[in-house]
Amino acid sequence: MSFAVVILAAGKGTRMKSALPKVLHPLLGRPLVTYAARAALDAGAERVVAVVGHGAEEVSAALEPLGVRTALQAEQLGTAHALASARPELADWDGPVVVTMGDAPLISAATLRGLAEALPAGGGMAMLTFEPDDPAQYGRVLRDEEGHVARVVEFKDATPEERAVREVNAGVYAFDANVWDFLAEVGRDNAAGEYYLPDLIGVYQRHGLPVRAFKAEDPTELLAVNDRVQLATVERVLLDRLRARWMREGVRMVMPETVYLEPSVELAPDVTLEPGVMLKGTTRVGEGAFVGAYSVLTDSELAPGAEVRPHSVLEGARLAAGAAVGPFARLRPGAVLEEGAFVGNFVEVKKSRLGPGVKAGHLAYLGDAEVGAGTNVGAGTITANYDGEKKHPTIIGPRAFIGSNSVLIAPVRVGSEATVAAASAINQDVPAGALGIARGRQRNVEGWAERKRRKTEPSEKGTSMEEETTS
């Protein structure tokens with residue numbers, strides 16, 4: 001079935017108490033409005049138009065990568081006025097139109113398609129309904145003997161019998177092509193002076209066209225976001241769905257309620273995620289890999305069997321099979337650990353490739369470096385890659401040994417099987433198989449402690465020896 005979708009996303013969202021437009025607030029790493037857009041596209045909509053208003057340029061920029069068109073509602077005069085604002089972008093469209101909300105991210109593609117398919121074949125409209133646990137102040141949907149919508153009665157106007165009805169209006173609709181003409185019949189004779197979409201129910205009925213109801217199976221789909229509390233509620237629902245999905249596919253989560261992950265993350269079977277793990281962006285975790293407690297991975301890739309130990313932070317990093325990092329390690333963008341490489345506690349790696357079997361056990365910084373297979377990097381090693389203007393590379397050959405507390409001042413090369421003596425400041429290349437030593441020769445000053453003590457002891461006259469010497 002062919003249909004278009006209009007997403008209402010023009011509101012400011014004052015209850016969010018934020019300068020950021022409501023529909024751009026992040027939800028699991030994505031702007032809120034993109035959930036409605038993705039659902040529309042996944043439902044098979046041939047055209048998707050978002051009606052924007054507050055923060056129009058920013059909202060349009062967020063939707064553009066998805067191929068969503070935008071229409072400006074310069075003045076917010078109600079939901080029916082918002083739909084009318086989308087008309088220029090649908091001027092050549094004469095098919096059904098589904099209208100959904102930009103602040104309702106849980107509505108599924110299946111529900112949108114089902115609503116479109118619920119349209120009467122001979123013309124009319126359909127409305128999405130649901131049965132919440134507490135209907136509260138929602139408008140009640142009253143059906144006729146054939147099961148079609150007879151009318152929607154607001155709670156304040158309903159009789160006790162009507163209030164007992166649990167089916168309520170969700171505010172999501174499907175219309176036939178008549179809607180563009182019928183919008184002209186919607187008035188604004190109400191307290192707010194606005195044009196409302198529910199008024200189209202009466203318009204369609206006056207024209208003798210049926211109004212059908214399509215009930216959502218899962219009431220949580222209709223949770224909308226109007227403040228930060230509701231944003232957190234929706235986020236919990238999405239997280240529960242994601243966790244359940246991945247655990248059913250073979251991922252082990254220890255204390256799953258503490259694990260945060262985003263929809264763009266991919267996990268393989270037999271992955272283990274410990275408590276407090278956060279997986280963001282395009283992170284990929286291969287089969288049997290392990291992510292330790294309170295580690296944060298963003299846009300990173302772990303090959304099968306790789307290990308991230310607790311309290312490590314990875315951003316734009318790649319670990320090959322059998323590579324391990326942490327605990328308390330940091331891998332910045334461009335960090336690559338090849339098979340069996342190991343980075344330990346308080347080691348930072350940036351834009352560097354560590355070859356197979358490389359070990360940097362603790363307290364080191366490796367930036368803009370290439371480290372050959374089997375090399376050992378001692379504690380306190382630093383590649384001094386920045387001269388104040390440019391970054392420079394450090395190249396270390398295979399099976400080299402870099403002694404503790406060494407500084408490799410780039411650009412510099414250390415050859416294969418070379419050794420850098422501990423506490424050296426290397427600013428020249430070290431040939432293959434050579435020992436590089438760059439430190440001052442040790443000199444021991446005998447009796448230093450005694451002389452120091454005597455200088456600081458008071459004399460019998462109450463003055464120090466230094467004062468007597470200099471007087």
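Before reading on, note that the structure itself is shown above.
Residues numbered from 1 in each chain as written. Predicted model: local features only at pLDDT ≥ 70, side-chain atom pairs only at ≥ 80, totals over all residues. Heavy atoms only, no water.

Observations regarding the overall build of the chain
Rules: Helix and strand assignments follow DSSP, with helices taken as H or I runs no shorter than four residues and strands as E runs no shorter than two, numbered in order from the N terminus. In this setup the radius of gyration rests on C-alpha atoms only. A globule is expected at 2.2 Å times the number of residues raised to 0.38. In this scheme, a residue with accessible area under 20% of its type's maximum is buried, one over 50% is exposed, and one in between is partly exposed, where area comes from a 1.4 Å probe on protein chains only. Note that accessible areas follow from Shrake-Rupley with a 1.4 Å probe, and for residues the cover is restricted to the protein chains shown. Only four residue types enter the tally: Lys and Arg on the positive side, Asp and Glu on the negative side, with His and both chain ends excluded. Taken as the charge location is NZ of Lys, CZ of Arg, CG of Asp or CD of Glu.
Secondary structure summary: the chain contains 10 helices and 39 strands in total. On C-alpha atoms alone, the chain measures out to a radius of gyration of 33 Å, which is more than a quarter above the 23 Å that the 2.2 N^0.38 rule sets for 471 residues. Dimensions along the principal axes, computed over C-alpha positions, put the chain at roughly 110 × 60 × 40 Å. The burial tally for the chain puts 47% of its 471 residues in the buried class. Entry remark: accessible area of the chain is about 22700 Å², with carbon and sulfur atoms responsible for 50%. Computed over 50 positive and 61 negative side-chain charges, the inter-centroid distance for the chain is 8 Å.

Focus: the environment of A268
We count it as follows: Contacts are assigned to residue pairs that have any heavy atoms within 4.5 Å of one another.
Secondary-structure assignment places A268 in the loop between strand 14 (266-267) and strand 15 (272-273). A relative accessible area of 16% means that A268 is categorised as buried. With sequence-adjacent residues up to four places away left out, A268 is seen in contact with V251, V285, G286 and E287.

Details of the side chain of E162
Under the convention used in this document: For this analysis, a polar contact is any N or O atom pair within 3.5 Å, provided that within protein one partner can donate a hydrogen and the other can accept it, and provided that sequence-adjacent residues contribute only side-chain to side-chain pairs.
Positionally, E162 belongs in helix 5 (residues 160-163). For E162, a relative accessible area of 13% translates into the label buried. Side chain to side chain, E162 and R151 meet in a polar contact 2.5 Å long. In contact with E162, not counting residues within four places along its chain, are R140, L142, R151, V153 and D157.

So, the environment of S416
Here S416 shows up in the loop between strand 36 (412-414) and strand 37 (419-420). In this structure the C-alpha to C-alpha distance between S416 and A432, which are 16 residues apart in sequence, comes to 4.7 Å. Among all residues touching S416, those that are not within four sequence positions of it are G397, P398, A432 and G433.

Considerations on the nonpolar core
When a protein is soluble and globular, its nonpolar side chains tend to lie buried together. Using the following cut-off: For our purposes a nonpolar core is just a set of buried Ala, Val, Leu, Ile, Met, Phe, Trp, Tyr and Cys residues, chained together by side-chain atoms within 4.5 Å.
Of all hydrophobic cores here, the largest spans 64 residues; its most connected members are L273, L302, L319 and L331. Mapped by element, the contributors of at least two residues to this core are helix 1 (32-42), helix 8 (228-248), strand 13 (260-261), strand 27 (342-350), strand 29 (359-367), strand 30 (369-371) and strand 36. Here this core gets 7 residues from one element, more than from any other, and that element is helix 8. Discounting residues that sit within four places of it in the chain, L331 has contacts with V313, L314, E315, A317, L319, V325, L337, V343 and V349. Residues A37, A39, M101 and L128 belong to the second largest nonpolar core, which totals 39 residues.

Digging into the pattern of salt bridges
What counts here: Note on definitions: salt bridges are taken to be side-chain nitrogens of Lys or Arg within 4 Å of carboxyl oxygens of Asp or Glu.
Under the criterion given, the structure shown has 19 salt bridges. The residue R330 makes a salt bridge to E348 at a minimum N-O spacing of 3.8 Å. Of the two residues, R330 sits in strand 25 (residues 330-331) while E348 sits in strand 27, which places them 18 residues apart along the sequence. You can call R330 partly exposed: its relative accessible area is 40%. Assessed through its relative accessible area of 22%, E348 is described here as partly exposed.

Side note on unusual backbone geometry
Here the residue pair G326 and P327 is connected by a cis peptide bond, since its omega of 5 degrees sits within 30 degrees of zero. In this structure, P327 sits in the loop between strand 24 (324-325) and strand 25. The omega torsion across A410 and P411 is 0 degrees, close enough to zero to call that bond cis. Examined against the element boundaries, P411 turns out to sit in the loop between strand 35 (407-409) and strand 36.

Regarding the sheet that holds strand 20 (residues 301-302)
Which entries qualify depends on this criterion: Strand pairing is assigned whenever DSSP identifies at least 2 bridges connecting the two strands.
Spatial ordering of the open sheet is given by 14-17-20-23-26-28-30-33-36, a layout of 9 strands whose pairing is parallel. Bordering the open sheet on either side are strand 14 and strand 36, each of which pairs with just one other strand. Pairing between strand 20 and strand 23 (residues 318-319): 2 bridges, direction parallel. The partner of L302 across the bridge, within strand 23, is L319.

Quick notes on helix 1
Of all 11 residues in helix 1, 8 are buried; the element is thus mostly enclosed. Considered for burial, the residues of helix 1 that qualify are L32, V33, T34, Y35, A36, A37, A39 and A40. One or two residues past the end of helix 1 sits G44, with phi positive at roughly 100 degrees.

A word on the pairing of strand 5 (residues 69-72)
For clarity, the threshold we go by: Whether a crossover is right-handed comes down to one check: with the strands pointing away from the viewer, does the path from the first strand over the helix to the second run clockwise; if it does, it is right-handed.
Where strand 4 (residues 47-52) and strand 5 come together, 4 bridges link them in parallel fashion. Within the sheet, the bridge partner assigned to V49 lies in strand 5 and is R69. This β-α-β element, strand 4 to helix 2 (residues 56-63) to strand 5, shows right-handed connectivity.

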